Amino acid sequence: MALFYVDGLPIGWVAIMLAIIASMGGFIFGYDTGQISDILIMDDFKLRFAQCGTPGDVNSCNFSTVREGLIVALLSIGTLVGALVGAPTADYFGRRYAMSLECIVFSVGVIIQITSFHSWVQFAIGRLVSGFGVGSLSAAVPMYQAETAPPQIRGTLTATYQLFITFGILVAYCISIGTRSIEGSGSWRTVVGIGLLWPLILGFGILLMPESPRWLTAHGRYPEAKRAIAATRGIPDKEAENHFFVHREMEEMRSAIEFESKVKAGWLDCFKPERMQLYRTCLGMTLQMFQQLTGANYFFYYGATIFTSVGISDSFVTQIILGAVNFGCTFGGMYVMEKFGRRMPLIIGGIWQSIWLFIFAAAGTAKDPTKDEGIGKLMIVSACLFILGYAMTWAPGIWILIGETFPTRTRARQAALSTASNWLWNFLLAFFTPFITKAIGYRYGFVFAACNLTGAVIVYFFLYESSDLSLESVDMMYCDPTCKPWTSRTWAPAGFNSRRDLIEQGRAAEMHKPLEAGGGEETRFEKAAGGGLDAAHTA
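Residues numbered from 1 in each chain as written. Predicted model: local features only at pLDDT ≥ 70, side-chain atom pairs only at ≥ 80, totals over all residues. Heavy atoms only, no water.

Q: Looking at this model, I keep getting lost on the overall build of the chain. Mind explaining?
A: The number of helices and strands found in the chain is 24 helices and six strands. Within the span of the chain, comprising 539 residues, buried residues form 62% of the whole. Of the roughly 19500 Å² of accessible surface on the chain, a fraction of 68% belongs to carbon and sulfur atoms. (Helix = DSSP H or I, 4+ residues; strand = E, 2+ residues; numbered from the N terminus. Buried < 20%, exposed > 50% of the residue type's maximum accessible area, 1.4 Å probe, protein only. Areas by Shrake-Rupley, 256 points an atom, 1.4 Å probe, with all protein chains shown as cover.)

Put into structure tokens, the structure is as follows:
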């Protein structure tokens, strides 16, 4: 039975549950990101792993720039490798079993961390191993959500991955402020050890959800694929085999996958110019790079250190405020990305973020924030308003696009390459930020402001509008030579006058009404294969 309807089309409770459970992969990453910022300034952690002038005197203990950078950034190296390994893993085992396996890898890394006593290298290696799991999950989760979610709410459900990243960051901040007063190693070991709970929830919970219907179809498991489609639509299993709507989606998937499977896909196919493969691979990697270059992780990784440096007496509290803004505004981001599409929010978000980073950097450069309370407060407000824009646009938007931009045949590999780009720049920023801030201070914000403006320009000239389209239709849009990024909002598949018409046709199909002559998505790939790219048009 359908839980609710969107544009007259049914949405089942399974669609919501699979998005929430799979998004625990994002929570795992967010929690790991949030905890390290606070752990680095905990007394026992500094006594054990920092360089101390006087043994036992925490006031004489400080991390060298290299040591601090490695402890923070080795997670990102692991995630980079994990993202690349995650693609073949998800293709071979299936999306669900791959996620369960990756949860085990992450847990091993957590155990290595909490069993560290005086070796900072062991702790850093534990973060590296955890990174293998986080990176693989970051490739598998958005892909699974995009492949399984109904097109009408695909943006919202895929955005739950980013929502749970922000939730994980916030929870880590809250737990850290609660454990900081614990004597001894319990202050940081409790924070790290609780991290074992999250992969347990994901690893077992995801096995109760249906497998990706596109992966099942690609492996010839058609009855299971039909049941998976029916489950997300709230259609009973007994009706799945003959239900018109399930049959319609199934035929579209089969047509697309059969068309793509004529040529065996490998890593090199991601870089071939045919069917805009190279274009889309470069676009995905560039967007993920610029998501990191927005500067958000500058605050998440080193926020406690930053706010201490601007004269805030309790940086833990400031971190929680920042995390709460990030989490709360991501709910708005889910609405924005579904309501206004993908392109416009990213363009406006890039400009908004640039403005507040410029103010943050200018204020910190003009006066010493440790001596001018007003400047310190202005910098915190600027950081919060920057996070507001980021959480509503670039944070969820890029993960949505990674799930819906690539064709089924190479989606896992292209998503892995794009995600690997994210983690590569994550590492570079995490490792080199201490060196850069030591050299140029708050002028670092000017660099991020310029990157945000550049990202907005790239979105305008290169990103196609993919909202409201099935994944197969998105593939056709990118391959249509008459469609340009700045006109893509009005593009619709052959047989439809507009995207609104596409929605109405889907509603008619659900009501078992005959489709308009020449309409229907069932025929699109046959037309595309036989008649070229004129199978689609720009309205």
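Having seen the structure, we can now continue with the description.
Q: Would you mind going over the packing of aromatic side chains with me for this structure?
A: Aromatic rings considered in pairs are described by the distance between their centres and by the relative angle of their planes. In the structure shown here, the tally under the stated rule is 37 aromatic pairs. Aromatic pair F45 and F63: ring centres 5.9 Å apart, planes at 40 degrees, arrangement tilted. Residue F45 is located in helix α3 (residues 43-49), and its partner F63 is located in the loop between β4 (61-62) and α4 (65-93); the two are separated by 18 residues in the primary sequence. For the pair shown, F45 and F63 are each scored as buried. On the numbers, 6.3 Å between centres and 80 degrees between planes, the contact of F164 with F167 is edge-to-face. (Phe/Tyr/Trp six-rings, centres within 6.5 Å; stacked < 30°, edge-to-face > 60°.)

Q: When you look at α4 in this model, what are you seeing that I'm missing?
A: One turn of an α-helix holds 3.6 residues; hence residues three or four places apart share an orientation. Spanning 29 residues, α4 covers 41 Å between terminal C-alpha atoms, matching the ideal 42 Å at 1.5 Å per step. Of all the bends found along α4, the most pronounced is centred on A73 and spans about 40 degrees. Among the residues trailing α4, G94 stands out with phi positive, at a value near 95 degrees. (Expected span 1.5 Å × (residues − 1). Bend = angle between axes of the 7 residues up to and from the residue.)

Q: What should I look at first to understand the packing of helix α19 (residues 394-404) against helix α20 (residues 408-440) in this one?
A: For any two helices packed against each other, the geometry comes down to the angle between their axes and how far apart the axes lie. Close contact between α19 and α20 brings their axes to 9 Å; oriented N to C, the two are set at 155 degrees. With respect to their mutual orientation, α19 and α20 come out roughly antiparallel. Note on element contacts: α20 touches α19 through R411, A415, S418, T419 and N422, opposite W399, I402 and G403. Among the residues making up the contact of α19 with α20, the classes are represented as three nonpolar, four polar and one charged. (Axes fitted to C-alpha atoms, helices over the stretch in contact; angles between N-to-C directions. Parallel < 35°, antiparallel > 145°, perpendicular 65-115°, else oblique. Contact = heavy atoms within 4.5 Å. Nonpolar A, V, L, I, M, F, W, Y, C, P; charged D, E, K, R; others polar.)

Q: Sorry, what's going on with the packing of helix α7 (residues 154-179) against helix α8 (residues 186-194) here?
A: Put simply, α7 and α8 touch, their axes get as near as 9 Å, and they point 150 degrees apart. One way to sum up the angle between α7 and α8 is to call them roughly antiparallel. As for the relative orientation of α7 and α8, their crossing is right-handed in sense. Counting all contacts with α7, which are made through I175, S176 and T179, the residues of α8 involved are S187, T190, V191 and I194. Per-class residue counts for the contact of α7 with α8 are three nonpolar, four polar and no charged. (Left-handed = near helix turned anticlockwise from the far one by under 90°.)

Q: Which parts of the structure should I look at to understand the pattern of salt bridges?
A: Between side chains of opposite charge, a pair can form as their charged atoms come close. Under the criterion given, the structure shown has 17 salt bridges. As a salt-bridge pair, R275 and D475 come within 2.8 Å of each other at their nearest N and O atoms. With a gap of 200 residues between them, R275 in the loop between α13 (244-260) and α14 (277-292) and D475 in helix α22 (residues 471-479) connect regions that are remote in the sequence. Relative accessible area serves as the criterion here: at 2%, D475 is assigned to the buried category. Between R489 and E465 there is a salt bridge; the shortest N-O distance is 3.9 Å. Here the residue R489 occupies a position in the loop between α22 and β5 (491-493), and E465 occupies one in the loop between α21 (444-462) and α22, the gap between them amounting to 24 residues. Residue R489 is classed as partly exposed on the basis of its relative accessible area of 40%. According to the relative accessible area criterion, E465 is buried, its value standing at 3%. The network of salt bridges with shared partners includes D91, R95, E147, R411 and R413. (Salt bridge = Lys/Arg side-chain N within 4 Å of Asp/Glu carboxyl O.)

Q: Would you explain helix α6 (residues 120-148) in this entry?
A: End to end, α6 covers 41 Å across 29 residues, agreeing with the expected 42 Å (1.5 Å per residue, within 8%). Burial runs high along α6: 24 of the 29 residues are buried.

Q: Would you take a moment to explain the environment of V129 for this structure?
A: Turning to its location among the elements, V129 is positioned in helix α6. With 23 residues separating them along the chain, V129 and F106 place their C-alpha atoms 6.6 Å apart. Residues within four places of V129 in sequence aside, it is in contact with V105, V108, G109 and I112.

Q: Quick question: what am I supposed to make of a nonpolar patch on the surface here?
A: Together, Y92, F93, Y97, L101, I104, V108 and L207 make up a nonpolar patch on the protein surface, roughly 710 Å² of accessible area in all. For the nonpolar patch, the secondary-structure elements that each account for two or more residues are α4 and α5 (95-114). Top element by residues in the nonpolar patch is α5. It accounts for four residues. (Patch = residues over 30% accessible without salt bridge, like charges linked within 9 Å, V, L, I, M, F, W, Y side chains within 5 Å.)

Q: Explain the state of the cysteines to me, please; I cannot follow it from the model alone.
A: Between two cysteines, a covalent bond joining their sulfur atoms is known as a disulfide. Taken as a whole and assessed by the stated rule, the structure comprises one disulfide. Linked covalently through their sulfurs, C52 and C61 form a disulfide whose S-S length is 1.9 Å. Linking C52 and C61, the disulfide has an S-S dihedral of approximately 105 degrees and is accordingly described as right-handed. Judged by relative accessible area, C61 falls into the buried class, the value being 0%. In this model C329 remains outside any disulfide bridge; the closest cysteine sulfur is found in C384, 9.2 Å from its own. Under the relative-accessibility criterion, C329 is labelled buried at 15%. (Disulfide = S-S within 2.5 Å.)

Q: What's the story with the confidence of the model for the chain in this structure? I'm lost.
A: One rule of thumb: low pLDDT means the predicted coordinates there are not for detailed reading. With 89% of its residues at a pLDDT of 70 or more, the chain shows a mean pLDDT of 85. Below pLDDT 50 for its whole length, residues 513-539 participates in 68 contacts with residues either more than four positions away or in separate chains. (pLDDT = per-residue confidence, 0-100.)

Q: What am I meant to see in the environment of H118 here?
A: Here H118 lies in the loop between α5 and α6. According to the relative accessible area criterion, H118 is exposed, its value standing at 61%. The sequence separation of H118 and R48 amounts to 70 residues, and the corresponding C-alpha distance is 5.1 Å. When residues no more than four places from it in sequence are discounted, the contact partners of H118 are R48 and F49.

Q: For this particular structure, what's the right way to read the environment of L471?
A: Mapped onto the elements of the fold, L471 is located in helix α22. Here the alpha-carbon distance between L471 and R154, two residues 317 residues apart in the chain, equals 9.9 Å. In this view, L471 contacts A146, E147, R154, R214, G403, E404 and R411; residues no more than four positions away in its chain are not counted.

Q: Just to check I follow, could you spell out unusual backbone geometry for this structure?
A: Trans is the prevailing form of peptide bonds, just as negative phi is the prevailing case for residues other than glycine. A positive phi angle, near 55 degrees, is found at R275, a position not held by glycine. The partly exposed category is assigned to R275, whose relative accessible area is 31%. Phi is positive for M276, which is not a glycine, with a value near 60 degrees. Looking at the secondary structure, you find M276 in the loop between α13 and α14.

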